[in-house]
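One letter stands for each residue in the lines below.
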Amino acid sequence: MEQKQYDSMTALLEAFYNGEVDSIIINESSRSQILDMETYSNFDSNTRVVYQTSYKVKNNDSAAAVSDITSKPFNVLISGSDTRGGFDENGRSDVIMVATVDPKTHTILLTSVPRDFYVTTACDAGDGCMQGALDKITHTGMHGTNTTKRTVEQLLGIEINYTFKVGFDTVTDLVDAVGGVDVTVAPGYAVDKLLTNPAYSVHEGVNHLNGEHALAYARERYSYTEGDRQRTKNQQQVLMGIIDKITSPAIVTNYASIMDSMANTFSTTMSNDEITDLIKYQLNKNPKWKMEQYMVDGTGDTLMCAELGDAASVMVPDQSTVKKAKDKISAVLAGNSSEDVQ
């Protein structure tokens, strides 16, 4: 059988659709980015899988652990993957947040990076990414959490101590395990039917969401004029709802059974001993955590993306917001409030 190699995903797809080749070999994690291309939005219905195999790769992600997680501030990368095979399969990072935690001041700052943010990719040699190439940050997840972590570290000039990865298909289990979450929808942001799941809606004021409802809310963007910016805010709300629940006395006192029910919903480089220390700290001190939020921003454009080998919609960073994000993270790490940074 004759084989051909193509320099980009776009060239590969063009050859396939033009009949130059009868079949193509793609990584399953590439499927979602193919569907994002308007020309190939019907890829799933126009093609079928004739053979599929899987392989394991070394996970290069590791912790830069702090000496005492109950007294020293630290950064956690929270990555939400859109993979079909679960959180342990590499796929686009559609949720990218840094949680900066200071146990002494009981402050948690959530800094979000929109999925289309146009960045310079950074990775370790074994990750297989295009080191130094320009791309939207969501594509870094296709090479593993470590590539997303290294890219975020470079973007924000910080050290990430731990990573926490969850797949979209397991968010439902995570939210249901803690008994659902509450989010407050601002005036003008009610949605009669969430397009990601029309069975659900949100009204102005406090909404209690189960797992499926929370997932639909966290993925919604087409119902808002702000698009992905509002989706990022929704994601922050859902995460804050989860944090609020897992630090509540009712959940903390039953943490063993909750951890069992969430065992297959996420992966983290935080050790079991560190997780246990945090739980004991919460039980003994019962602190009320102050939640702070920020999101870097930019302007829309269409630029070449390395993973696609073609131009795509991106968000060009507003460097003033990147600098502010750095300053806010530094403030919390120093024991201050990010809200003091204007």
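Before going into details, it helps to say that this report is about the structure given with it. (Residues numbered from 1 in each chain as written. Predicted model: local features only at pLDDT ≥ 70, side-chain atom pairs only at ≥ 80, totals over all residues. Heavy atoms only, no water.)

### Description of the overall build of the protein chain
Here comes step 1: Scanning the protein chain for helices and strands turns up eleven helices and twelve strands.
Here comes step 2: Here the protein chain holds 342 residues, and the buried ones make up 51% of them.
Here comes step 3: The contacts in the protein chain between residues at least 6 apart in sequence include a share of 63% that link residues at least 24 apart.
Here comes step 4: By element, 48% of the accessible surface of the protein chain is carried by carbon and sulfur atoms, the whole surface being about 16,900 Å². (Helix = DSSP H or I, 4+ residues; strand = E, 2+ residues; numbered from the N terminus. Buried < 20%, exposed > 50% of the residue type's maximum accessible area, 1.4 Å probe, protein only. Contact = heavy atoms within 4.5 Å. Areas by Shrake-Rupley, 256 points an atom, 1.4 Å probe, with all protein chains shown as cover.)

### Overview of the pattern of salt bridges
Here comes step 1: As enumerated under the stated definition, the model contains ten salt bridges in all.
Here comes step 2: Between D244 and K288 there is a salt bridge, with the nearest N and O atoms lying 3.7 Å from each other. Of the two residues, D244 sits in helix 7 (residues 228-246) while K288 sits in the loop between helix 10 (272-285) and strand 10 (290-295), which places them 44 residues apart along the sequence.
Here comes step 3: Looking at D244, the relative accessible area reads 45%, which means it is partly exposed.
Here comes step 4: With a relative accessible area of 67%, K288 lands in the exposed category.
Here comes step 5: With a shortest N-O distance of 3.1 Å, K290 and E292 are connected by a salt bridge.
Here comes step 6: Residue classification places K290 among the partly exposed positions, given a relative accessible area of 36%.
Here comes step 7: Within the structure, one salt-bridge network assembled from shared partners comprises D94, R115, D116 and K136. (Salt bridge = Lys/Arg side-chain N within 4 Å of Asp/Glu carboxyl O.)

### Focus: the pairing of strand 1 (residues 74-81)
The side chains of a regular strand alternate, residue by residue, between the two faces of the sheet.
Here comes step 1: Of all eight residues that make up strand 1, eight are buried, and the element is covered over most of its length.
Here comes step 2: Of the strand pairs in this sheet, strand 1 and strand 2 (residues 93-102) are connected by eight bridges, and their pairing is antiparallel. When the bridges of strand 2 are listed, N75 appears paired with T100.
Here comes step 3: Sheet topology note: the strand 1/strand 6 (residues 162-167) ladder contains six bridges and is parallel. Following the sheet pairing, S79 is matched in strand 6 by K165. (Pairing = 2+ DSSP bridges.)

### Considerations on unusual backbone geometry
Here comes step 1: A positive phi is found at H106, a non-glycine position, where the angle reads about 55°.
Here comes step 2: Structurally, H106 is set in the loop between strand 2 and strand 3 (107-112).
Here comes step 3: H106 gets classed as partly exposed once you look at its relative accessible area, which sits at 24%.
Here comes step 4: Positive phi values are uncommon outside glycine, yet N286 reaches one of about 45°.
Here comes step 5: For N286, the location among the structural elements is in the loop between helix 10 and strand 10.

### A look at helix 11 (residues 319-333)
Here comes step 1: Given a rise of 1.5 Å per residue, 15 residues ought to cover 21 Å, and the 21 Å separating the end C-alpha atoms of helix 11 matches this to within 8%.
Here comes step 2: Turning to helix 11, its buried residues number three or more, namely T321, V322, A325, K328, I329, A331 and V332.
Here comes step 3: If you follow the buried residues of helix 11, they end up packed against strand 1, strand 2, strand 3, helix 4 (145-156), strand 10 and strand 12 (310-317).
Here comes step 4: Just downstream of helix 11 lies G335, where phi reads positive at about 95°. (Expected span 1.5 Å × (residues − 1).)

### Focus on the state of the cysteines
Here comes step 1: Enumeration over the complete set of coordinates arrives at one disulfide.
Here comes step 2: The disulfide bridge from C123 ends at C129, spanning 2.1 Å between sulfur atoms. Looking along the S-S bond of the C123-C129 disulfide, the torsion reads about -90°, which is the left-handed sense.
Here comes step 3: Not part of a disulfide, C305 finds its nearest cysteine sulfur in C129, a span of 14 Å. (Disulfide = S-S within 2.5 Å.)

### Observations regarding the pairing of strand 11 (residues 298-305)
Here comes step 1: As paired strands, strand 11 and strand 12 are joined by eight bridges and run antiparallel to one another. Paired with T299 across the bridge in strand 12 is V316.
Here comes step 2: Linking two consecutive strands that pair antiparallel, namely strand 11 and strand 12, is a turn of four residues; a positive phi of about 70° is found at G309 within it.

### Thoughts on the environment of A216
Here comes step 1: Tracing the backbone shows A216 in helix 6 (residues 211-219).
Here comes step 2: With 48 residues separating them along the chain, A216 and F168 place their C-alpha atoms 9.9 Å apart.
Here comes step 3: When sequence neighbours within four positions are dropped, the list of residues in contact with A216 reads L194, T196 and N197.

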